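Observations on the model geometry
Here's the letter readout for the chains.
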Amino acid sequence: MYHIAFLGTIFAIFCATQAHQLKQKPLAQYISYSSVPGYFLQDNNSTNSSTFDFVATNFGLINQTYPTDAQFDPKNTKSQWERFANQVFRLNLVSPSNIEYKILFIGRHGEGYHNAAETFYGTPAWNCYWAQLDGNSTVTWFDAHLDANGVAQAQTVNNLWSRLIATQNIQTPQSYYVSPLTRCLQTANVSFSGLDLPASHPFVPEVKELLREGIDIHTCDSRSNLTYIKSLFPSYTIEPGFTEYDLLFRQSTSETPTAQGLRSKTLLDQIFSTDGETFISFTTHSGEASSLLSVLGHRSFSLSTGAVIPILVKAETLSGTAPVTTVLPYTSQVVCNAPPITSQATGTCVCSSGSTISTGLAKMR
Ligand SMILES: *[C@@H]1O[C@H](CO)[C@@H](O)[C@H](O)[C@H]1NC(C)=O
Ligand SMILES: *[C@@H]1O[C@H](CO)[C@@H](O)[C@H](O)[C@H]1NC(C)=O
Ligand SMILES: *[C@@H]1O[C@H](CO)[C@@H](O)[C@H](O)[C@H]1NC(C)=O
Ligand SMILES: *[C@@H]1O[C@H](CO)[C@@H](O)[C@H](O)[C@H]1NC(C)=O
Ligand SMILES: *[C@@H]1O[C@H](CO)[C@@H](O)[C@H](O)[C@H]1NC(C)=O
Ligand SMILES: *[C@@H]1O[C@H](CO)[C@@H](O)[C@H](O)[C@H]1NC(C)=O
Ligand SMILES: *[C@@H]1O[C@H](CO)[C@@H](O)[C@H](O)[C@H]1NC(C)=O
């Protein structure tokens, strides 16, 4: 009896171990992001974003020496950008395998027809009435295109890259991601055309759905179909799974900041877990840039049309599950039935001719 029981116990332990091994899931992991201060003027609290000039300040790169300079630049001949790139590559070399540093150049598109229209009508009337339309009788702002001013702003960014390539041998982006909205496709095109880029890292941006602007009733933030995007910029690559029609735009409800934050985090996770490059360009929107900065733990820094902000990002892969964050559902939108709208500081619409809760269905187009 004793003998049999003993064997039985061994057998039970063996079975339990087998079952445990079969059931064991890979350990849960998540990526925690932070922005590393001390390299760029934009992350210093005393820099005012509304007056800051990224063109006149070398993209905001602070003039300084780095610990890695002594070995890399003993004769003091390298540029600030060359020494910075070396510093970042060294950070990656000596950091533990679960920590990765990347430089994100986050650019906002140049001025679009929708920006000019918002200025023309004023923000309350824009948000409460005009933005839900495709345009007025003279101007279209559905999936808004760049206006002449916006093209000039993108050209300014192109001139800055061109100058920094020539004078500082700046490390240019090694990969590029762009929002699917036409104004961003155009901004990236003008910003990076005709530059002396390394043959190993040409300008071939990937169109990414999640880099789009916050989603609500504004038709300027709904995108065109994939056939159109491909016909406009055939050299761009399209991310896997990108749909022909815009399935995310709603003509009724608005993405909340927490929902947008989750979208931004998902986008970063996609890129950080698949892209091994270190210098990366995003071409996106003001609202989406703010959301990304917030997820990255960067101080808030609003970008004017056409502005670019570089951020040194530290991504740490941790085991376990990410801290739970509350994601609030999309909220309904009240719109005025007609102009004029005479509103107010609070953001609520004060309509002259009644209001409705927007329940429109987004068109497939
Ligand atoms: C921020 O900028 C101010 C003014 O230039 C400077 O005195 C301060 O040391 C900077 N702070 C950091 C943390 O770099
Ligand atoms: C910058 O300002 C924020 C908010 O005012 C504050 O929480 C933070 O500690 C400041 N950072 C530095 C380095 O002074
Ligand atoms: C930033 O600059 C703007 C424009 O000059 C000014 O109105 C604002 O008060 C400044 N903000 C701070 C925090 O100094
Ligand atoms: C940084 O260094 C460059 C080149 O030496 C110089 O032209 C520029 O004025 C410096 N910027 C600041 C803010 O000191
Ligand atoms: C349409 O909006 C634009 C602003 O983008 C404005 O310049 C133009 O006058 C408007 N057209 C009409 C007919 O009101
Ligand atoms: C920019 O767009 C134009 C017009 O579609 C095209 O001819 C050109 O090749 C594009 N350049 C880049 C770098 O995408
Ligand atoms: C795709 O979008 C373009 C530009 O908006 C439009 O002209 C075309 O009709 C659309 N195609 C389809 C099949 O919806």
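Rules and cut-offs
- Along each chain, numbering runs from 1 in the same order as the chain's sequence is written.
- Labels follow written order: the first chain is A, the first ligand is 1, and so on.
- Under the rules for a predicted model, residues below a pLDDT of 70 receive no local features and side-chain atom pairs below 80 are neither given nor counted, while totals for whole chains, interfaces and linings still include all residues.
- Here the C-beta atoms are placed from the backbone, and a residue counts as buried if at least 20 other C-beta atoms lie within 10 Å of its own, exposed if 12 or fewer do, and partly exposed otherwise.
- Strands here are runs of E lasting at least two residues and helices are runs of H or I lasting at least four, both read from the DSSP assignment and numbered beginning at the N terminus.
- Contact between residues is assigned whenever the C-beta positions, reconstructed from backbone atoms, fall within 7 Å.
- As used in this record, a residue near a molecule or strand is one whose C-beta atom, placed from the backbone, is within 6 Å of it.
- Gly counts as polar in this scheme, as do all residues outside two lists: the nonpolar Ala, Val, Leu, Ile, Met, Phe, Trp, Tyr, Cys and Pro, and the charged Asp, Glu, Lys and Arg.
- In plain words, the nonpolar core is the set of buried Ala, Val, Leu, Ile, Met, Phe, Trp, Tyr and Cys residues that C-beta atoms within 7 Å link up.
- The pairing criterion is simple: DSSP has to find at least two bridges between the two strands.
- Every axis corresponds to a line fitted to the C-alpha atoms, with the helix fit spanning only the stretch in contact, and the corresponding angles, defined between N-to-C directions, vary from 0 to 180 degrees.
- Residue ranges assigned to the domains are those given by an automatic or database domain assignment.
- Expected helix span is given by 1.5 Å per residue-to-residue step, counting one fewer step than there are residues.
- Viewed with both strands pointing away, a crossover whose connecting path from the first strand over the helix to the second turns clockwise is right-handed.
- Here is the rule for angles: anything less than 35 degrees is roughly parallel, anything more than 145 is roughly antiparallel, 65 through 115 is roughly perpendicular, and the remaining ranges are oblique.
- For a crossing to be left-handed, the near helix must be turned anticlockwise from the far one by less than a right angle; the clockwise case is right-handed.

Our next topic: helix H7 (residues 182-192). Counting along an α-helix, one turn takes 3.6 residues, and residues three or four places apart therefore face a common direction. Across the eleven residues of H7, eleven count as buried, placing the element largely inside the fold. For H7, the complete set of buried residues consists of Thr182, Arg183, Cys184, Leu185, Gln186, Thr187, Ala188, Asn189, Val190, Ser191 and Phe192. Buried-residue contacts for H7 involve strand S2 (99-108), helix H6 (148-168), strand S3 (175-178), helix H8 (226-232) and strand S7 (279-284).

Among the secondary structure elements, Arg365 is positioned in the segment after strand S11 (355-357). Arg365 sits 137 residues away from Tyr228 along the chain, and the two C-alpha atoms are 10.0 Å apart.

What follows is about the site of ligand 5. Taken together, Tyr113, Ala116, Ala117, Phe120, Asn136, Ser137, Thr138 and Val139 make up the full set of residues near ligand 5. For the shell around ligand 5, the class distribution of residues is five nonpolar, three polar and no charged.

With that out of the way, let us pick up the site of ligand 6. Neighbouring ligand 6 are Asn189, Phe192, Ser193, Phe203, Phe233 and Ser235. In terms of residue class, the shell around ligand 6 is built from three nonpolar, three polar and no charged.

Moving on: the nonpolar core. Leu104, Ile106, Val178, Val308, Ile309 and Ile311 are the most contacted members of the largest nonpolar core, which totals 45 residues. Listed in part, the 17 residues of the second largest apolar core include Ala125, Ala131, Ile217 and Val335.

Read from one edge of the open sheet, seven strands run S1-S8-S2-S7-S3-S4-S5, paired in mixed fashion. Among the strands making up the open sheet, the edge pair consists of strand S1 (29-35) and strand S5 (237-238). Inspection of the sheet shows strand S4 (residues 206-207) paired to S5 by two bridges, in the parallel sense. Bridging from a neighbouring strand, Val207 pairs with Ile238 of S5. Strand contacts of helix H3 (residues 80-94): S2 and strand S8 (308-319), with the helix running at about 145° to S2, the strand carrying the most contacts.

The domain architecture assigned to the protein consists of domain 1 (28-103 + 149-214 + 256-328) and domain 2 (112-145 + 216-254 + 333-365). For domain 1 and domain 2, the distance between their C-alpha centres works out to 28 Å. Listed by partner, the interface residues are 18 residues for domain 1 and 18 residues for domain 2. Here the side of domain 1 that touches domain 2 takes five residues from H7, the largest share from any one element. Here the side of domain 1 that touches domain 2 is composed, by residue class, of six nonpolar, six polar and six charged.

This part is about H3. The terminal C-alpha atoms of H3 lie 21 Å apart, and with 15 residues this matches the ideal 21 Å at 1.5 Å per residue to within 8%. Among all positions of H3, only Arg83, Phe84, Ala85 and Val88 are buried. On its buried face, H3 is in contact with helix H2 (69-72), S2 and S8.

This next bit is on the environment of Arg223. Position of Arg223 among the secondary structure elements: in the loop between S4 and H8. With 25 C-beta atoms counted inside 10 Å, the residue Arg223 sits in the buried group. As for Arg223 and Arg163, which are separated by 60 residues in sequence, their C-alpha atoms are 33 Å apart. The contacts of Arg223, once residues within four sequence positions are left out, are Asp143, Pro180, Leu181, Arg212 and Asp246.

Where S3 meets S7, four bridges bridge the pair, whose relative direction is parallel. Each bridged residue has a counterpart across the sheet, and for Tyr176 the counterpart in S7 is Ser281. By the bridge criterion, two bridges tie S3 to S4 in an arrangement that is parallel. By the bridge assignment, Val178 is partnered in S4 with Val207. After leaving S3, the chain enters H7 and then returns to the sheet as S4, a path that is right-handed.

Further remarks concern the packing of H6 against H7. Taken N-terminus to C-terminus, the directions of H6 and H7 make an angle of 40°; their axes are 7 Å apart at the nearest point. In terms of axis orientation, H6 runs oblique to H7. Of the two elements, H6 crosses H7, and the hand of that crossing is right-handed. Residues Gly150, Val151, Ala154, Gln155, Val157 and Asn158 of H6 pack against Arg183, Thr187, Val190, Ser191 and Phe192 of H7. Residues that form the contact of H6 with H7 fall into these classes: five nonpolar, five polar and one charged.

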